[in-house]
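Here's the letter readout for the chains.
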Amino acid sequence: MTAARKTEPPEAKVIPIETAPSWHGGARPGVADRLAEAVGEALSGRLGVTATRVLGKGWEGRAADGLAFLRRRITGDYEVDEFGFDRELTEEVFLALLRPLAEKYFRIEVRGAENIPAEGGALIVANHSGTIPLDALMTQVAIHDHHPHRRHLRMLAADLVFVLPIVNELARKAGHTLACNEDAQALLERGEVVGVWPEGFKGIGKPFAERYKLQRFGRGGFVASALRAGVPIVPCSIVGAEETYPMIGNARTLARLLGLPYVPITPTFPWLGPLGAVPLPTKWTIQFGEPIPTDGYPKEAADDPMLVFNLADQVRETIQHTLYKLLVQRRSVFF
């Protein structure tokens, strides 16, 4: 995790129905009620009979839930926290869209989710790979769907994420924030599960020949944040992401012109055009290791560079060793 200039997140707010702003509909409850009533009347007629034949029994409940969700979005009757996290939108839309990719396409096997605390703060530290950071999104799905308490992962993302139009807003609503020590510590002290990928662009942009070889972890800022908050560090090892976009080259000149860390060349991209951007259907394993406690250290231990370095190195070695172990157990990249 690299120290970066902190951006000011939006203030916490519960948007009242009466003053729903124009950027999410601005509709008064009466408009939403009339819309729901019109849809309900349509579904009670022939359309409803057809829906029962096509969708089977129980579709009415799903339709009611969907209409209730739309009503809340139209009227602004939902909450976001001071970082912009919209829990309902994340659960009902973002995770729902990512879940088929995790379950059906990458067929992710999740191990050790119980090592993430049931409550309170925790720092998830994972290896980064795959040219496009799908591993971070898949880890978010894995923690929510496989943890007994369905916890949300609050990711620390690179500056680039928050300067891209649309991506910036989506990242904020999904609960992510800038990878800086201040935001990390604030989330950890609030009892959130925070995710960090210390390799950064060095990890996801490394050549395919260096797959599963961890890059440098920086100066260990993530360890200092965990020490100050007194939360455990949970090592996370991800196998399968390296092969989704095998990076065999880097168009460095084009990357400099576009202001990007790299422009990947893979066996399919750019040769196959948009089709080359489709990830290979590799089989993934995400394993969460035993937590490394930090609550036994005083808060001022975060200012001891040797201790921070040693703990960061311990986390890195744990992840690397687990990667090698998982690779030995793996029978095939795709099956």
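Read on for a plain summary of the structure. Only a predicted model underlies this, so the values are computations on that prediction, with no experimental measurement involved.

What counts as what
- Residues numbered from 1 in each chain as written.
- Predicted model: local features only at pLDDT ≥ 70, side-chain atom pairs only at ≥ 80, totals over all residues.
- Heavy atoms only, no water.
- Helix = DSSP H or I, 4+ residues; strand = E, 2+ residues; numbered from the N terminus.
- Buried < 20%, exposed > 50% of the residue type's maximum accessible area, 1.4 Å probe, protein only.
- Areas by Shrake-Rupley, 256 points an atom, 1.4 Å probe, with all protein chains shown as cover.
- Salt bridge = Lys/Arg side-chain N within 4 Å of Asp/Glu carboxyl O.
- Axes fitted to C-alpha atoms, helices over the stretch in contact; angles between N-to-C directions.
- Parallel < 35°, antiparallel > 145°, perpendicular 65-115°, else oblique.
- Contact = heavy atoms within 4.5 Å.
- Nonpolar A, V, L, I, M, F, W, Y, C, P; charged D, E, K, R; others polar.
- Pairing = 2+ DSSP bridges.
- Expected span 1.5 Å × (residues − 1).
- Patch = residues over 30% accessible without salt bridge, like charges linked within 9 Å, V, L, I, M, F, W, Y side chains within 5 Å.

Looking only at helices and strands, the protein chain has 11 helices and 11 strands in total. Expressed as a percentage of the 335 residues in the protein chain, the buried residues total 45%. Per element, the accessible surface of the protein chain, about 17,200 Å² overall, is 59% carbon and sulfur.

The subject of this paragraph is the pattern of salt bridges. Following the criterion strictly, the structure yields 14 salt bridges and no others. Two residues, Glu88 and Arg72, come together in a salt bridge whose shortest N-O distance is 2.5 Å. Here Glu88 is found in helix H4 (residues 87–105), whereas its partner Arg72 is found in helix H3 (residues 59–75), with 16 residues between them in sequence. In this structure Arg72 comes out as partly exposed when scored by relative accessible area, which is 28%. Arg190 serves as the salt-bridge partner of Asp81, at 3.2 Å between the closest nitrogen and oxygen. Here the residue Asp81 occupies a position in the loop between strand E2 (79–80) and H4, and Arg190 occupies one in the loop between helix H7 (181–189) and strand E7 (193–196), the gap between them amounting to 109 residues. Here Asp81 falls in the buried class, since its relative accessible area comes to 13%. Within the structure, one salt-bridge network assembled from shared partners comprises Asp81, Glu82, Arg154, Arg190 and Glu192.

What follows is about the packing of helix H9 (residues 221–229) against helix H11 (residues 305–329). Across the interface, H9 lies against H11 with an axial gap of 9 Å and an inter-helix angle of 105 degrees. Taken together, the axes of H9 and H11 lie roughly perpendicular to each other. Contacts between H9 and H11 involve Phe222, Val223, Ala224 and Leu227 on the former and, on the latter, Leu307, Val308, Leu311 and Ala312. Along the lines of polarity and charge, the residues of the contact of H9 with H11 split into 8 nonpolar, no polar and no charged.

Read across the sheet, 7 strands follow the order E3-E11-E8-E4-E7-E5-E6 without closing on themselves; strand pairing throughout is mixed. Each of the sheet's edge strands pairs with one partner strand only, and the pair in question is strand E3 (109–111) and strand E6 (177–178). Direction of pairing for E3 relative to strand E11 (residues 285–288): parallel, over a ladder of 3 bridges. Residue pairing in the sheet places Glu109 in a bridge with Thr285 of E11.

Along its 13 residues, helix H5 (residues 134–146) runs 18 Å from first to last C-alpha, staying within 8% of the 18 Å computed at 1.5 Å per residue. Of all 13 residues in H5, 11 are buried, a share of seventy percent or more. Within the span of H5, buried status applies to Leu134, Asp135, Ala136, Met138, Thr139, Gln140, Val141, Ala142, Ile143, His144 and Asp145. Considering only its buried residues, H5 is in contact with H4, E3, strand E4 (122–126), strand E5 (153–157), strand E8 (233–239) and E11.

Here the focus is the environment of Gly249. For Gly249, the position within the fold is in strand E9 (residues 249–250). Expressed as a C-alpha distance, the spacing of Gly249 and Val263, which sit 14 residues apart in the sequence, is 8.4 Å. When residues no more than four places from it in sequence are discounted, the contact partners of Gly249 are Val263, Pro264 and Ile265.

It is worth spelling out a nonpolar patch on the surface at this point. The grouping of Leu254, Leu257, Leu258 and Leu260 at the surface amounts to a nonpolar patch, some 390 Å² of accessible area in total. When you line up the elements, Leu258 lands in helix H10 (residues 252–258).

Further remarks concern unusual backbone geometry. The peptide bond linking Phe269 to Pro270 adopts the cis configuration, its omega dihedral lying at 5 degrees. Structurally, Pro270 is set in the loop between strand E10 (264–265) and E11. In this structure, Arg107 is a non-glycine residue whose phi angle is positive, near 50 degrees. Within the secondary structure, Arg107 is located in the loop between H4 and E3. Residue Arg107 is classed as partly exposed on the basis of its relative accessible area of 26%.

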